[in-house]
Amino acid sequence: MTSLKGSLQLLERLVNNLTSPMLPKLIAQSSRSMHKITALVEDLLNLSRINQDRLQLTKSAFVLSKIVSAGSSEIRLAEEYKTIVTGDLELEVFADEHQIDQVLVNFINNAVKYAPRSKDIIVSIEKINDMARVSVTDKGPGIRPEEAKRIFERYYRVETAGFQTGGLGLGLYISAEIIKKHEGQIGVESEPGKGSTFWFTIPIA
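Just so you know, the residues in each chain are numbered from 1, in the order the chain's sequence is written. Local features in this predicted model are restricted to residues whose pLDDT is 70 or higher, and side-chain atom pairs enter the listing and the counts only when it is 80 or higher, whereas totals over whole chains, interfaces and linings include all residues. In computing side-chain properties, one takes all heavy atoms of the structure into account and sets aside hydrogens as well as water.

Even after reading the chapter, I still don't get the overall build of the protein chain, so can you show me in this structure?
When helices and strands are counted, the protein chain shows seven helices and seven strands. Numbering goes from the N terminus for both helices and strands, where a helix is a DSSP run of H or I of at least four residues and a strand is a run of E of at least two. Across the protein chain, helices and strands are ordered from the amino to the carboxyl terminus as α-α-β-α-α-β-β-α-β-β-α-α-β-β. Counting across all 205 residues of the protein chain, residues that qualify as buried make up 44%. The long-range fraction of contacts in the protein chain, counting pairs at least 24 apart against all pairs at least 6 apart in sequence, stands at 69%. Each accessible area value is a Shrake-Rupley result obtained with a 1.4 Å probe; residue values ignore everything except the protein chains displayed when judging cover. Surface summary for the protein chain: the accessible area is close to 11500 Å², and the carbon and sulfur share equals 53%. Each residue is placed in one exposure class: buried if its accessible area under a 1.4 Å probe, protein chains only, is under 20% of its type's maximum, exposed if it is over 50%, and partly exposed if it falls in between. Any two residues having at least one pair of non-hydrogen atoms within 4.5 Å are treated as being in contact.

Structure follows, in structure tokens:
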């Protein structure tokens, strides 16, 4: 909120100078700040629903690859990262599109936050028997085994030197609850120095 407030104050000063080269940067910064605030509010709302066992699913048929672009909106703002989608680009599932998009957003944003030097983020989609498997891979510093065991716990955040941590430590916990509600599985494969792959599976139908 402090960042958003600062950007808006500067934009107010430039209201009569619409040709200023600072204008696009301030607008982009405001958008990023608003995105983070929205994500925090949604995390808190979902946590409340989970605590009260009120996390409901509104299922519909959709193609998984088509929500990846929405999930990578945060990194498009930075213009230095890109998502590369591989696998079965036509794979359709019957699930809660908004909730699955939220899981993807969390995976992709974490790749940017915890692996800032990994400019290519690989999203893989595949069909395994009657399940769809989606994985997000980065080439960052990886996660230690003892951290990987706890990474889906409520409020747990990886605190490794050089990582730009933020948020409430709820994103992966909520993601795990969403996938559990879909009767799927979620996990991470990582090795220090060799990057990380976060994945989830959900039934196709």
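Would you mind showing me how to read helix α7 (residues 171-181) here?
Because each turn of an α-helix spans 3.6 residues, side chains separated by three or four positions end up pointing in the same direction. The element α7 is largely enclosed, with a buried count of nine among its 11 residues. Buried residues of α7: G171, L172, Y173, I174, S175, A176, E177, I178 and I179, and no others. Of the residues trailing α7, E183 is marked for its positive phi of about 65°.

Looking at this model, I keep getting lost on the pattern of salt bridges. Mind explaining?
Pairing of side chains with opposite charge becomes possible as their charged atoms draw close. By salt bridge we mean one thing: a side-chain nitrogen of Lys or Arg within 4 Å of a carboxyl oxygen of Asp or Glu. As enumerated under the stated definition, the model contains seven salt bridges in all. For R150, the salt bridge is made with E153, and the minimal N-O distance between the two is 3.0 Å. With relative accessibility at 39%, the residue R150 sits in the partly exposed group. For E153, a relative accessible area of 33% puts it in the partly exposed group. Here K194 makes a salt bridge to E191, at a shortest N to O gap of 3.6 Å. On the basis of relative accessibility, which here comes to 62%, the residue K194 falls in the exposed class.

Sorry, what's going on with the sheet that holds strand β7 (residues 196-203) here?
Backbone-to-backbone hydrogen bonds pair the strands of a sheet. The strands run either parallel or antiparallel. The criterion for strand pairing is that DSSP finds at least two bridges linking the strands in question. Here we have five strands laid out as an open sheet, ordered β2-β4-β5-β7-β6, and mixed in their pairing. Two strands close off the open sheet at either side, each with one partner strand: β2 (82-87) and β6 (185-190). Each strand axis lies, on average, 20° off the axis of its neighbour in the sheet, ignoring direction. In terms of strand pairing, strand β4 (residues 120-128) meets strand β5 (residues 131-138) through seven bridges, oriented antiparallel. The partner of V123 across the bridge, within β5, is V136. Angles shown run from 0 to 180 degrees and are taken between the N-to-C directions of axes, each axis being a line fitted to C-alpha atoms and, for helices, limited to the stretch in contact.

Any chance you could explain the side chain of S135 here in plain terms?
Tracing the sequence through the fold places S135 in strand β5. If sequence neighbours within four positions are ignored, S135 has contacts with I122, V123, S124, T197, F198 and W199.

Just checking my understanding: could you explain the nonpolar core for this structure?
Within soluble globular proteins, side chains that are nonpolar generally end up buried alongside one another. Working definition of a nonpolar core: buried Ala, Val, Leu, Ile, Met, Phe, Trp, Tyr and Cys residues. They are joined through side-chain atoms within 4.5 Å. Judged by nonpolar contacts, the single largest core of 42 residues is most densely connected at L64, I100, L104, I151, F198, F200 and I202. The dominant element in this core, judged by the number of residues it contributes, is helix α5 (residues 97-114), at eight residues. Residues in contact with I151, not counting those within four places in the same chain, are I143, Y156, V158, L172, V188 and F198.

I keep staring at the packing of aromatic side chains and nothing clicks. Help me out?
We describe a pair of aromatic rings using the distance from one ring centre to the other and the angle between the two ring planes. By convention, a stacked pair of Phe, Tyr or Trp rings (six-membered ring in the case of Trp) has centres within 6.5 Å and planes under 30 degrees apart, an edge-to-face pair has planes over 60 apart, and any other such pair is tilted. Applying the stated rule across the entire model yields three aromatic pairs. Here the aromatic rings of F107 and F200 are separated by 6.1 Å at their centres, their planes lie at 55°, and the arrangement is tilted. Of the two residues, F107 sits in helix α5 while F200 sits in strand β7, which places them 93 residues apart along the sequence. Of the residues examined, F200 reaches a relative accessible area of 0% and is grouped as buried. Through successive ring pairs, a cluster of aromatic residues spans F107, F152, F198 and F200.

Would you take a moment to explain the pairing of strand β3 (residues 92-95) for this structure?
When a strand is regular, its side chains alternate between the sheet's two faces. Side chains of β3 alternate between two faces, with V93 and A95 buried and E92 and F94 left unburied. The sheet contact formed by strand β1 (residues 60-63) and β3 spans four bridges and is antiparallel. Of the residues in β3, the one forming a bridge with S60 is A95.

Teacher, can you tell me more about the packing of α5 against α7 here?
Relative orientation and spacing of two packed helices are given, respectively, by the angle between their axes and the distance between those axes. At a minimum axis separation of 10 Å, α5 and α7 run at an interaxial angle of 145°. Every pair of crossing elements has a handedness; the one defined by α5 and α7 is left-handed. Contacts from Q99, I100, Q102, V103, N106, F107 and N110 of α5 reach α7 at G171, L172, I174, S175, I178 and I179. Side-chain classes follow a simple rule in which Ala, Val, Leu, Ile, Met, Phe, Trp, Tyr, Cys and Pro form the nonpolar group, Asp, Glu, Lys and Arg form the charged group, and the remainder, Gly included, forms the polar group. Among the residues forming the contact of α5 with α7, the class breakdown is seven nonpolar, six polar and no charged. Note on convention: near helix rotated counterclockwise from far helix by under a right angle means a left-handed crossing. Clockwise means right-handed.

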